[in-house]
Structure formats: structure tokens, C-alpha cells
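These are the residues of each chain, in order.
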Amino acid sequence: MTPVFAVVGHPNKGKSSIVSTIAQNDDIAISPRSGTTRDTQHYDILIGAAGYTLVDTPGFQRPSRALAWLQEHAPSADRRHDAIKQFIADPQCRQQFPEEVMLLKPIMEGAAILYVVDGSRPYGAEYEAEMEILRWTGQASMALINPIENEDHVQDWQQALGQYFKIVRVFNAMQADFEKVVAILEAFSHIREEWQSALADIVNEYRRQRATQLQESASLLEELLTRLCTYQVSQKVLSKSQADDLKGILEKKYFNDMRTIEHHHHESLKRLYQYHHLESTIDELLLEGNLFDTEKWIMWGLNRKQLTVAVTIAGATTGAVVDAAVAGSSFMLGAVGGGLLGAGSAWLGADRISSFRVRGLPLGGYEAHQGPIQNRNFPYAVLGRFLYLADALRHRTHAHREKLQISEGDLSARIKQLSSEQQAGLHRALDRLRQQKSTEGLGQYLYALISTDSPIQFREHNTLG
Ligand SMILES: Nc1nc2c(ncn2[C@@H]2O[C@H](COP(=O)(O)OP(=O)(O)O)[C@@H](O)[C@H]2O)c(=O)[nH]1
Ligand SMILES: [Mg+2]
């Protein structure tokens, strides 16, 4: 038996937003203006082998008059259910109360109720008619207080809603995390027993999907790093001068391709998290110029000192050096890092991202060549950029419709959340990648990194929930 939930309430209280957040999919239409959603929308949500349906409804338009009609047709409590059936079937009611008929229909057909109100607006008796109508349906129900602008009136709402609904929760469409969504589904397994096993399946599949998304984002990141770090372009020509003339052209193609590859992987990550319409902006991947003179690079990747430590760890043959470096020992930095810092950019792997070369071919002719990358900071910058996008996607709900601006974080601090073995493994693997050597285990370190939560604290709004 497939669980069905009808999301109902006044227009413009975030019903469609809540549908989007629960479905974890931004394919749900959210009306920019009040009352634009005139029809009922059925969304069949499939998660692995499980599934359920969310019904997005237009809001109540004339609840008081609808209730008056119902009261006339139900002289006693035992007749109320039938009165609603009559209401839905009555041609005159369909004409007079199209929204009410439309939203009551799925409920009378078995949908559980999610009643949505706005906790930033004052409670008023005018809501009582629609809550009364919903109670008459006798259907399993839960009230969700969506604090659209603030939580000023949440307590009043809780007082009032508690008299009509067994379960009342604060649920912020824009901030509710995964556990909050799962909690709603789980709550219904207590009030709708025949759905118990179906709801348990859904929750299991959701958790599995969540784990898969993490694994797949780590694989996507590994693939991106490998592609970008090994990417090169070349062209065979007959003469040396023809080859030299290709410098600008090959460089341009190389940089363009690199940016396209990164863009595609970022887009794949969005689709993995079920964002189909999300526009995101990120500063262009800077490939020209001196990487250490370019502040943006250091923001996405590591600064000079952090990179020195990373390189030391990558080259270390004993665990003691790794531990000292991981601990950020000033002695280590003084003894090893200081000297290395002095060696400057040449030691750090050249300032240039990659170089243009021309070589003679054994059977005659020449080959002009651009790539692969040489710079040690490059993999870190690519890593940082992907990581912050992944964090943003995981911490955003699908109800948001505005552009996502990806901004840099502290990659070094993030890496330090790993164990010293993992840190060493990651630095080694990234260094081997830059040297065009095999990087076994990279995926495992990337997974560890991507699944450590970001140090950014996301504001907790659901203090009452
Ligand atoms: N800031 C904020 N805006 C919200 C929230 N929930 C909904 N909105 C906005 O309120 C408007 C109406 O939301 P919508 O989901 O279409 O409401 P519906 O008419 O009840 O389906 C949209 O512009 C949403 O972006 C919220 O929790 N916080
Ligand atoms: Mg709507």
C-alpha cells in the first residue's frame, strides 16, 4: 500500500515549498505569487524500491462557507464523513468551492493530511473553519508550522493546532534537514498503522540514497581530479615552425577543455542531489598566470605554508614526519618547511599550470603539446571547489529557488578533520596524481573528506520542533 500525503492549508504558506523539501527534488512548481497553484498536483516519489505520493493542493479559499454547507448537511457527528463525501460529489459545490473540493478529494480517497501554516503570521480564528473541515474527514493528520519570516507566533499556533491535530511540528521549508524530513514520515507510521512497513521501507531507502549520494559524489570528485590532472592536448604537424605557431591555440583549447570538464562534473553533482533547475555560480577556474600571485587560487586550495606542509607529508617516508607535520609542529616547519619555503616556487612545482612543448617525432614531423598540469596547488584548488559545492547542496533544501553562489572555505581546516593516516594518504595521492602516477586509494580519502561535515555552522531554526 503506497502512502499518500496531501499538503493543505491557506495559499502562500509554503505548501509547495514543503512538498519540494520533503520530495528532495526541485522539480516541484513553487508559485511566485499567492494563489497561483489552482490545480492539485500529484507527485509520485520513487526512492529505490520504495515510493509514496505527495499531493500539492491549492489553498482553502472559502472555508467558512464550505463549513456552513457541511454543517447544514451533517446534523450529528456520525454524519460528518458522509457530508464531506456529498460535498465533493455535489455539482453546485464543485462550482462554488472548486479549491475545497479539489483538496478534500484526495483526503477522502485515503491521503494523510499535512496541514501547513506560517508561524511568522499571527493565529486567527478564521483558520478554525478549515481545521474543523479537516477534522471531519477523520483522516490521519499532522500540522506543520513553517516559520516563513520568523518564529514570532509559533507558540500561539502550537496552542491552537494542538486542539485539532495530534502531531504539531515546526518545519522550516528552507532549512529542514534530512532527519527532519525522515521524522515526518516516521511519525505517520504511528498514526497510520497499515503504512508502517511501507514507511519503514521509504525511510530505509532514503538513508541508502543518502549514503549512495556521498559515495557517488566522492567518485565524481575522483574522476574530476584524475581527468583534470592528467588532461593534455596535442597536435602533430610537419615542421617545427608550424608546431611553434600552435602555442596560443593549444593553450586556449587546453584551458577551455579544463573548465568544461570541471563544469560538467559540477553539473553532475547537482543532478546527483536532484537539483534540475539550480543555477550556481562559482568564480572561473583560473588557469593562466602565476598561481601564487593569484589570491583566488589560494582561497580554493592551500596557501604557501599549508602547501609546504602538504608536500612534506606527501614526500615523507616515516610516520614520525607525518605526525609532526599533521600536528603542525613549528619545529618541523622550521627544520624542513622553512628550507623548502626558501626554495620557492620552483620546488613547489612551478608557477605555471602546465607548459607548452614541441618535440620531434621519431618518424619525422613534430608534435606540439600542452599539459598535463604541473602545479602542486592545482589538485587542492579543484578539490576545494568541488567540496564547497557538495556542502552547499547537502545543506540546502530543494525549496530554494534562488541562485547558489559557491564561496571558498578553509580547505586546510577541513583536511585536518581527517586522521593523520588519512591526511598523509590524501596528500600522497594528490601528489602522485600531479606526477601522473597511479593513485590507488584516492577515492577512499576523498570519501572521508566529503563525508566529514563542513565546519560551517548552519543556523538551527527549529528550536521548538
Ligand atoms: N523565507 C521563506 N520563504 C518561504 C518559506 N516557505 C515558503 N516561502 C516562500 O513563500 C512563497 C509561497 O510559497 P509556496 O510554497 O508557493 O506556498 P503555497 O502557496 O502554500 O504552495 C514562495 O515565494 C516561497 O519561496 C520559508 O520557510 N521561508
Ligand atoms: Mg503551492
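Now for a quick tour of the structure. Treat the numbers as computed from the prediction; the structure is a model and nothing was measured. All chains use their own residue numbering, which begins from 1 and follows the written sequence. Written order determines the labels here, with chains lettered from A and ligands numbered from 1. Selection of residues for local features in this predicted model requires a pLDDT of at least 70, selection of side-chain atom pairs for listing and counting requires 80 or more, and totals for whole chains, interfaces and linings are taken over all residues. Values reported for side chains reflect all heavy atoms of the structure, with hydrogen atoms and water molecules removed beforehand.

A 1.4 Å probe that fits but cannot get out identifies a cavity on a 1 Å grid over protein atoms alone, an open set with protein on both sides within 12 Å along at least five of seven lines counts as a pocket, and a residue lines either if it has an atom within 4 Å of a point. Grid points are joined across faces, edges and corners, and a volume is the space filled by probe spheres set on the points. In total, this model carries one cavity of 30 Å³ or more according to the counting rule given. Estimated volume of the largest cavity: approximately 60 Å³. Taken together, L307, A310, V311, A314, R376, P379, Y380, H427, L430, D431 and R434 form the lining of the largest cavity. Put simply, the parts of the chain that give the lining of the largest cavity at least two residues each are helix 13 (304–315), helix 17 (378–395) and helix 19 (420–434). Across the lining of the largest cavity, the residue classes tally to seven nonpolar, one polar and three charged. Put simply, DSSP marks the helices as runs of H or I at least four residues long and the strands as runs of E at least two long, and each gets a number from the N terminus on. Residues are grouped as follows: nonpolar covers Ala, Val, Leu, Ile, Met, Phe, Trp, Tyr, Cys and Pro; charged covers Asp, Glu, Lys and Arg; every other residue, Gly included, is treated as polar.

The next thing to look at is the site of ligand 1. Any residue with at least one heavy atom within 4 Å of a molecule or strand is counted as near it. Taken together, 15 residues sit near ligand 1, with N12, K15, S16, S17 and N146 positioned nearest. The side chain of S17 places a nitrogen or oxygen atom 2.6 Å from an oxygen atom of ligand 1. As used in this structure description, the phrase polar contact means that two N or O atoms lie within 3.5 Å; if the pair is within protein, one of them must be able to donate a hydrogen and the other to accept it, and residues adjacent in sequence are counted only when both atoms belong to side chains. A distance of 2.9 Å separates an oxygen atom of ligand 1 from a polar side-chain atom of N146. What sets the accessible areas is the Shrake-Rupley method with a 1.4 Å probe; for residues, cover comes only from the shown protein chains. Alone, ligand 1 offers 570 Å² of accessible surface; in the complex the protein occludes 79% of this. Ranked by residue count, the leading element in the shell around ligand 1 is helix 1 (residues 15–23), at three residues. Residue composition of the shell around ligand 1, grouped by class: five nonpolar, eight polar and two charged.

Our focus in this paragraph is the sheet that holds strand 2 (residues 41–47). The mixed open sheet is built from six strands, whose spatial order is 2-3-1-4-5-6. On the outer flanks of this sheet lie strand 2 and strand 6 (167–170), each paired with one strand and no other. This sheet shows a mean twist of 25 degrees between the axes of neighbouring strands, independent of strand direction. Two elements, strand 1 (residues 4–9) and strand 4 (residues 112–118), share five bridges in a ladder whose sense is parallel. Across the sheet, residue V7 finds its bridge partner in strand 4, namely L114. By the convention used here, residues are in contact when the closest approach between their heavy atoms is within 4.5 Å. Fitting a line to C-alpha atoms yields each axis, with helices limited to the stretch in contact; the angle taken between N-to-C directions then spans 0 to 180 degrees. Of the strands in this sheet, strand 1, strand 2, strand 3 (50–56), strand 4 and strand 5 (141–146) touch helix 1, which is tilted by about 170 degrees from strand 3. Only when DSSP finds a minimum of two bridges between them are two strands counted as paired.

Residue placement: L307 occurs in helix 13. Its relative accessible area of 0% is what places L307 among the buried residues. Residues L307 and S412, spaced 105 residues apart in sequence, show a C-alpha to C-alpha distance of 9.1 Å. The rule is simple: take the accessible area with a 1.4 Å probe, protein chains only, and divide by the maximum for that residue type; under 20% is buried, over 50% is exposed, in between is partly exposed.

Packing of helix 13 against helix 19 brings their axes to within 8 Å, and their N-to-C directions diverge by 90 degrees. Classified by the angle their axes make, helix 13 and helix 19 are roughly perpendicular. Contacts from A310, I313 and A314 in helix 13 reach A424, H427, R428 and D431 in helix 19. Its residues assigned to classes, the contact of helix 13 with helix 19 shows four nonpolar, one polar and two charged. The cut-offs work like this: below 35 degrees is roughly parallel, past 145 is roughly antiparallel, 65 to 115 is roughly perpendicular, and the gaps in between are oblique.

As a further point, take unusual backbone geometry. For the bond running from G371 to P372, omega is -5 degrees, close enough to zero to count as cis. A positive phi is found at Q24, a non-glycine position, where the angle reads about 55 degrees. Among the structural elements, Q24 can be located in the loop between helix 1 and strand 2. The phi angle at Q274 is positive, at roughly 60 degrees, despite the residue not being glycine.

A word on the sheet that holds strand 7 (residues 233–237). With antiparallel pairing, three strands are arranged side by side in an open sheet as 7-10-9. Strands with a single pairing partner mark the edges of an open sheet, and in this sheet they are strand 7 and strand 9 (356–360). With strand direction ignored, the average angle separating the axes of adjacent strands in the sheet is 20 degrees. In the sheet, strand 7 pairs with strand 10 (residues 366–370) via five bridges, with the strands oriented antiparallel. Across the sheet, V233 pairs through a bridge with Q370, a residue of strand 10. Along the sheet, helix 11 (residues 247–272) makes contact with strand 7, strand 9 and strand 10, crossing strand 7 at roughly 150 degrees.

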